[in-house]
Amino acid sequence: MTSRKATLLAGSLLTVLAAGCTRDLPTAEPQDDFVVTPFFTAVDVGSTLQMSATLGGAPAQVTWASDDIAIATVSATGLVTGVGPGTAGITASLQSQPSRLKSASVTALPLPTALSLSGLASSGPRGSIVMYRIVVKPGATRLTVTVSGGSGDVDIYVRGLTPATIDGVPPNACISENGGNGESCIIDNPTPGLWYIAFGLWDPYAGVTLTATQTPP
């Protein structure tokens, strides 16, 4: 069987020979100055990613579109939102020349709806944070996050994505800062979407278990 490498080398050799026999053949493909960034990328379901388009190195006026809005949507400004697992094409078309298109591939990565992690450990400095994420499903009536076992002292901070705060504390949030590792956060009627669970180290910890569940599962 001919290897892929051998086939590529043979193709390259034929190109060189053909170029040597015909002076009129171009030596290089013209460069396209219409660029979409990033070209291949991934975004978590429930998270966003900003895309950009340039023409000749300057910001381009484009119209954005997604070929599968069940996987990823895109706003008029190029902000992509992961909706469901899979890969979607995000296309920018020049407003001054709509037939001129450039597409990028965006893969939406699913996040867990529950966590059960054991043996967690960290010996970092006091106040250091380790972040975990889950997705709360529509219709969930309760989110329960617990920490138990092991040694040391870890605190937890649980928060759903929201830009607002009430008296400095975000709504749909919970903080548990007990001594040791007996921590618990219970949030009724959590907002659907992406939630963060932050482990805040008070004393170095080891052998710790983290559990996050939602009702109904």
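In case you missed it, the structure is sitting above this.
Residues numbered from 1 in each chain as written. Predicted model: local features only at pLDDT ≥ 70, side-chain atom pairs only at ≥ 80, totals over all residues. Heavy atoms only, no water.

(A) Layout of the pairing of strand 1 (residues 34-37). In strand 1, alternate side chains face the same way, and those of Phe34 and Val36 are buried while those of Val35 and Thr37 on the opposite face are not. Two elements, strand 1 and strand 4 (residues 52-55), share 4 bridges in a ladder whose sense is antiparallel. Each residue of the ladder has a partner; that of phenylalanine 34, found in strand 4, is leucine 55. (Buried < 20%, exposed > 50% of the residue type's maximum accessible area, 1.4 Å probe, protein only. Helix = DSSP H or I, 4+ residues; strand = E, 2+ residues; numbered from the N terminus. Pairing = 2+ DSSP bridges.)

(B) Structural view of the side chain of serine 176. Tracing the backbone shows serine 176 in strand 15 (residues 173-176). Engagement of the side chain of serine 176 in a polar contact is seen with the backbone nitrogen of serine 184, the distance being 3.2 Å. The residues contacting serine 176, other than those within four sequence positions of it, are Asp155, Ile156, Glu183, Ser184 and Cys185. (Polar contact = N/O pair within 3.5 Å; in protein donor to acceptor, adjacent residues only side chain to side chain. Contact = heavy atoms within 4.5 Å.)

(C) Representation of the state of the cysteines. A full pass over the atoms with the stated rule returns 1 disulfide. In this model, cysteine 174 is linked to cysteine 185 through a disulfide, with the two sulfur atoms separated by 2.2 Å. Judged by the sign of its S-S torsion, about -85°, the bond between cysteine 174 and cysteine 185 is left-handed. Here cysteine 174 is found in strand 15, whereas its partner cysteine 185 is found in strand 16 (residues 183-188), with 11 residues between them in sequence. Cysteine 185 carries the same exposure label as cysteine 174, and that label is buried. (Disulfide = S-S within 2.5 Å.)

(D) Examining unusual backbone geometry more closely. Of note, the bond from threonine 37 into proline 38 is cis; its omega dihedral lies within 30 degrees of zero at -10°. In the segment running from threonine 215 into proline 216, the intervening peptide bond is cis, with an omega of -5°. The phi dihedral of asparagine 189 is positive, around 50°, even though this residue is not glycine. Considering the arrangement of structural elements, one finds asparagine 189 in the loop between strand 16 and strand 17 (193-215).

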